[in-house]
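Each chain, written out:
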Amino acid sequence: MIKNNRNYLDKILSDTNKNIENMSDSDLSLLYNELIKNPNDYKLLEQTFEKTKIWNELSLSDLRKPYWFTNDTNFEDNKWNIKINKKIFQIDFSNIIIDNDIKLTNIPNLLNTFKHWICIQGHPIYNRGLFLKPETLSINIRRIINFINSILINSSKLQLSKTYLKTINENYILDYLTEIASTGQYNGSLNYNNHITAYLKEKIKNIKIEDVMIFEKSYPLVSDNYAEGELKLTLDDIRKSRYWLYNNKGYSNNVIGKHHRKVFLKAFENKIIIFNQTPMIFEQLNLFTIQKNNEFLSLPCRTNEDQDYSKQDLQAHIKLLKTICYIHSQEDCAQIDITNFNEINIRRINKIISLRENGRYVTLPAEVVFKAINDSIEFIHQYLEVVLEALLKYSLLKKLDKKFSFDDFYSSDSFPKILKSIGIQYYEIKKDKNYYINLRKNRGFIDFYYVLLGSILLAIGAITARRTSEIIELDPFDCLLPKNIDPLLNKSREFEIIFDNRKSGIGGVNYHREKLARPIVNFVAQIIFKIQNFNKKCLYLGLISISNISFINLYSSHTNSWSKLTPNAYNSHLDLFCDYFETKVSQYSIGEFRRYYIRQHQLRRFFCMMFFWSKSFDGLDTLRYFLGHTDIEHLYHYITEPLTGAVLNGVKAHTLTEAYLGNSAPSIKNIESLRDVLLKHFNVSDLEILSSDKIAHFEKSTNISNKINYLIDENIIDLQPHFFSVLDEKNEKIQQFELILIVEDII
């Protein structure tokens, strides 16, 4: 009977006139039961999907011609050009050598396995029926390529040409996942450091130390070269490697003293299908002592930041690796024993290596945030217009006369007197030991402009509470409603910011994001309006092209050109702001102090934090003015409604932590109960350690905050405002509130 049922079902599925809509109830029931009984029958799954074409207009034939292939790319080609999110990159199978002397293209079944594995990452049938957004698709393809590269680079050990994928067993997969969890993608997938070590040793084997000694008269060893680093090289090996790099144009002109990022890619030539990671720079090979990017090391922005992979990180890898099971339905692919994947899970890997829980963004101390916002707004108010106008003039004059220099501009009447009066003397400050002293003395024009950009990003980021990517991608000319209305002259009007919501929209070939408009305060609307006008002038004067412009733009005097803001540049400008205004430095460990370098995700909780802390500095009037709400209960709901539970709980945990530690925090009713709850749910000795003076404040605060955050997440405690009305000195009714620690747990 079972056999007859399956034969009958095969007949239905092979009937081209049958689809999901005209199948009978009994046919659908039979199909459903077969799918439940045979979860690993991928051929049946795909045949079922084919019957849904009437709904989704998709076919499995699309699998080998995904929309992210460029028009000139076919599955059968051995060089693929892939376009995702406007970026084109090439995957090259054509010259891969496995087992030392065999071309991958000579083993078509094995080649097709790798190709098919990449293709299924973007097809809805293998992604819960969803079209993936470009960012997710890109991450998934990159992770699969990493594993494929791992197989190829270990081909000799795996005897890949003889065994195909039979040696990709449970132990190999566990070893791979453990490696990337403990050493990262580079070493987990490519054994990167060891490969570069071997590559350099081969290159330097005939170099004489006498030649190196002559070279070192001009380029002596620096302290970084002596440090124990990633490469397993002796000091003489390092000396010879520096000599070899220098003579083979291996050092960068952009970052003096560091080697080119791509200089070692030849070590992987014909071994991997694409190097899809940012190549590492090895400090051991520095030609000079390199100026630090920031004045201080940064305090961690996330809890558990310095630990290994999180469980969530690794779970995503496991899920993607298991998609190779779908290869079983492809007759032209090499097969793999899918039972190898059945017992691979987070629990097993966590027994081998300690995986951290997902880290939260550290909530910044209230005084750090409030001072930074105040500094940014004052800086923008004083210098936004004068700096933008000066930079526009300078760029235009350079366009008219290529020999025109900053010294010419500085000595002319066009250079603003106010900028001279505050200390500006040079175009750019020299990156030496006095850099940060000169930065705060305002010596450099372009440095001052970048502090302004940091101020703008911080103010807009905090007050709009948008994501980094959403701010970067603001329309350079049209992100303000109402359009073409000057907020400075219309302070009574309401303005909105237009942005693409990163967490919404649809993926696939017709990918688009949802556009949203959200209210903003008048001062931020003024900033946006002025920047939009600046961008329009730059475009009109031919100083920038439409393809190279973003809302915030970087300037190069050397080429007199503008370029779009990138995520790295975004953070660099926030860092420069923090060094310029000297955000708080805190003890990180015994004898070590680090600075709070602010990140946008931390700023998204600004208004929520301001509400909780307003009782300690009478800040409700400021909040009312900023947000236009007079009713404080409505104000609280307006502030907290858009926040995720994790963000709101983080602010609550931070507020409770500061109050518990006796810092300058708002008064919280029932705060004395918190210690009893902590004692009940956590180790007593742990609390005693946390109260020790030997532990740095940052670590102590972070550890307690994590515990309080857990208690809030588990609904054991909560921090809530209680609203009430009182009569003021004029006998008029006014609204007030108090913060109360609510303990749901019975002690």
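Residues numbered from 1 in each chain as written. Predicted model: local features only at pLDDT ≥ 70, side-chain atom pairs only at ≥ 80, totals over all residues. Heavy atoms only, no water.

Novice: Honestly, the overall build of the chain in this entry has me stumped. Any pointers?
Specialist: Looking only at helices and strands, the chain features 31 helices and 14 strands. Relative to its full complement of 747 residues, the chain shows a buried share of 50%. With an accessible surface of roughly 37600 Å², the chain has 49% of that area assigned to carbon and sulfur atoms. (Helix = DSSP H or I, 4+ residues; strand = E, 2+ residues; numbered from the N terminus. Buried < 20%, exposed > 50% of the residue type's maximum accessible area, 1.4 Å probe, protein only. Areas by Shrake-Rupley, 256 points an atom, 1.4 Å probe, with all protein chains shown as cover.)

Novice: Quick question: what am I supposed to make of the sheet that holds strand E12 (residues 668-669) here?
Specialist: What the three strands build is an open sheet, ordered E12-E14-E13; its pairing is mixed. At either end of the open sheet lies a strand with only one pairing partner, and these are E12 and strand E13 (717-727). Across eleven bridges, the pairing between E13 and strand E14 (residues 733-743) is antiparallel. The partner of serine 725 across the bridge, within E14, is glutamine 735. Contacting E12, E13 and E14, helix H28 (residues 645-660) runs over the sheet at an angle of about 80° to E13. (Pairing = 2+ DSSP bridges. Contact = heavy atoms within 4.5 Å. Axes fitted to C-alpha atoms, helices over the stretch in contact; angles between N-to-C directions.)

Novice: Which parts of the structure should I look at to understand the side chain of asparagine 193?
Specialist: Assignment of secondary structure puts asparagine 193 in helix H10 (residues 192-204). Residues in contact with asparagine 193, not counting those within four places in the same chain, are Asn187, Glu230, Leu231, Met280 and Phe282.

Novice: What am I meant to see in the nonpolar core here?
Specialist: One finds Leu419, Tyr449, Ile456 and Ile717 to be the most contacted residues of the largest nonpolar core, which totals 121 residues. Residue contributions to this core peak at 17 residues, all from helix H16 (residues 366-400). Discounting residues that sit within four places of it in the chain, tyrosine 449 has contacts with Val387, Leu388, Leu391, Asn553 and Trp562. Listed in part, the 60 residues of the second largest apolar core include Phe69, Ile107, Leu160 and Ile336. (Core = buried A, V, L, I, M, F, W, Y, C linked by side-chain atoms within 4.5 Å.)

Novice: Honestly, the pairing of strand E11 (residues 592-595) in this entry has me stumped. Any pointers?
Specialist: The two faces of a sheet get side chains in turn, since along a regular strand they alternate between them. Where strand E10 (residues 585-589) and E11 come together, four bridges link them in antiparallel fashion. Following the sheet pairing, serine 589 is matched in E11 by glutamate 592. Where E10 folds back onto E11 in an antiparallel hairpin, the turn is made up of two residues, including glycine 591, whose phi is positive at roughly 80°.

Novice: When you look at the packing of helix H6 (residues 134-153) against helix H9 (residues 170-190) in this model, what are you seeing that I'm missing?
Specialist: Helices that pack against each other are described as a pair by the angle of their axes relative to one another and the distance between those axes. Viewed as axis vectors pointing N to C, H6 and H9 meet at an angle of 105°, and their least axial separation amounts to 11 Å. Taken together, H6 and H9 sit at an angle that is classed as roughly perpendicular. Each of Arg143, Asn146, Phe147, Asn149, Ser150, Ile151 and Ile153 in H6 lies in contact with H9, whose residues at this interface are Tyr172, Ile173, Tyr176, Gln185, Ser189 and Leu190. Taken together, the residues that form the contact of H6 with H9 break down as seven nonpolar, five polar and one charged. (Parallel < 35°, antiparallel > 145°, perpendicular 65-115°, else oblique. Nonpolar A, V, L, I, M, F, W, Y, C, P; charged D, E, K, R; others polar.)

Novice: Quick question: what am I supposed to make of the packing of helix H20 (residues 445-464) against helix H22 (residues 522-540) here?
Specialist: The geometry of H20 relative to H22 is characterised by a closest axis approach of 10 Å and an angle of 135° between their N-to-C directions. The angle between H20 and H22 places the two elements in the oblique class. By crossing handedness, the relation of H20 to H22 is classed as left-handed. Every residue of H22 that contacts H20 at Ile456, Ile460, Ile463 and Thr464 is listed here: Val524, Ile527, Ile528 and Ile531. Its residues assigned to classes, the contact of H20 with H22 shows seven nonpolar, one polar and no charged. (Left-handed = near helix turned anticlockwise from the far one by under 90°.)

Novice: I would appreciate a short explanation of the pattern of salt bridges in the present structure.
Specialist: For side chains bearing opposite charge, pairing can occur when the charged atoms are close. Taken as a whole and judged by the stated rule, the model has 24 salt bridges. Lysine 371 is paired through a salt bridge with aspartate 375; the nearest N and O atoms lie 2.7 Å apart. Of the two residues, lysine 371 and aspartate 375 are both situated in helix H16; the distance of four residues between them amounts to about one turn of the helix. The class of aspartate 375 is buried, set by a relative accessible area of 11%. Through salt bridges with shared partners, a single ionic network connects Glu295, Arg440, Asp579, Glu582 and Arg595. (Salt bridge = Lys/Arg side-chain N within 4 Å of Asp/Glu carboxyl O.)

Novice: Help me understand H16, please; the structure alone is not making it clear to me.
Specialist: Residues that lie three or four places apart on an α-helix share one face, since the helix turns once every 3.6 residues. With 35 residues, H16 ought to run about 51 Å at 1.5 Å a step, and its terminal C-alpha atoms sit 49 Å apart, in line with that. Maximal helix bending in H16 amounts to about 50°, located at tyrosine 383. (Expected span 1.5 Å × (residues − 1). Bend = angle between axes of the 7 residues up to and from the residue.)

Novice: Is there a simple way to think about unusual backbone geometry in this case?
Specialist: Glycine aside, residues mostly have negative phi, and peptide bonds are mostly found in the trans state. Backbone torsion omega between leucine 481 and proline 482 reads -5°, so that peptide bond is classified as cis. Unlike most non-glycine residues, aspartate 99 shows phi in positive territory, near 50°. Of note, aspartate 99 is situated in the loop between strand E3 (97-98) and strand E4 (102-103). Look at aspartate 99 and you get buried, because its relative accessible area is 13%. In this structure, lysine 249 takes a positive phi of about 55° despite not being glycine.

Novice: How should I be thinking about the packing of aromatic side chains in this particular structure?
Specialist: The relative placement of two aromatic rings is captured by the distance of their centres and the angle of their planes. Per the counting criterion, the structure on display carries 47 aromatic pairs. Between the aromatic rings of phenylalanine 409 and phenylalanine 415, the centroid separation amounts to 5.3 Å while the plane-to-plane angle is 80°, which identifies the pairing as edge-to-face. Take phenylalanine 409 and phenylalanine 415: they sit in the same class, and that class is buried. Arranged with centres 5.8 Å apart and planes meeting at 65°, the rings of phenylalanine 415 and phenylalanine 445 form a pair that is edge-to-face. Residue phenylalanine 415 is located in the loop between helix H17 (406-411) and helix H18 (417-421), and its partner phenylalanine 445 is located in helix H20; the two are separated by 30 residues in the primary sequence. For arginine 64, the ring lying beneath its charged end belongs to phenylalanine 75, and the centroid distance is 4.2 Å. The ring of tyrosine 410 carries the charged tip of lysine 420 above its face, separated from the ring centre by 4.8 Å. (Phe/Tyr/Trp six-rings, centres within 6.5 Å; stacked < 30°, edge-to-face > 60°. Lys NZ or Arg CZ within 6 Å of the ring centre and 35° of its normal.)

Novice: Looking at this model, I keep getting lost on the environment of asparagine 146. Mind explaining?
Specialist: You can see asparagine 146 is positioned in helix H6. For asparagine 146, a relative accessible area of 3% translates into the label buried. A C-alpha to C-alpha distance of 8.7 Å links asparagine 146 and glycine 188, two positions 42 residues apart in sequence. In contact with asparagine 146, not counting residues within four places along its chain, are Tyr176, Gln185, Ser189, Asn276 and Gln277.

Novice: Can you help me understand helix H13 (residues 235-247) in this one?
Specialist: Over its 13 residues, H13 extends 19 Å from the first C-alpha to the last, a length consistent with the 18 Å expected when each residue adds 1.5 Å. Within two residues after H13, lysine 249 carries a phi angle of roughly 55°, on the positive side.

Novice: How do you make sense of the environment of isoleucine 96 when you look at a structure like this?
Specialist: With respect to the secondary-structure elements, isoleucine 96 resides in the loop between strand E2 (87-92) and E3. With a relative accessible area of 2%, isoleucine 96 lands in the buried category. Remark: the alpha-carbon pair of isoleucine 96 and asparagine 270, spanning 174 residues in sequence, is separated by 4.4 Å.

Novice: How should the side chain of arginine 466 be read in this particular structure?
Specialist: Within the element layout of this structure, arginine 466 appears in the loop between H20 and helix H21 (468-472). Under the relative-accessibility criterion, arginine 466 is labelled buried at 13%. Of note is the side chain of arginine 466, whose polar atom sits 3.0 Å from the side chain of glutamate 470. (Polar contact = N/O pair within 3.5 Å; in protein donor to acceptor, adjacent residues only side chain to side chain.)

Novice: What is the right way to read the environment of serine 26 from this model?
Specialist: Mapping serine 26 onto the fold places it in helix H2 (residues 25-37). With a relative accessible area of 52%, serine 26 lands in the exposed category. Here the side chain of serine 26 touches serine 24 through a polar contact of 3.1 Å, side chain to side chain.

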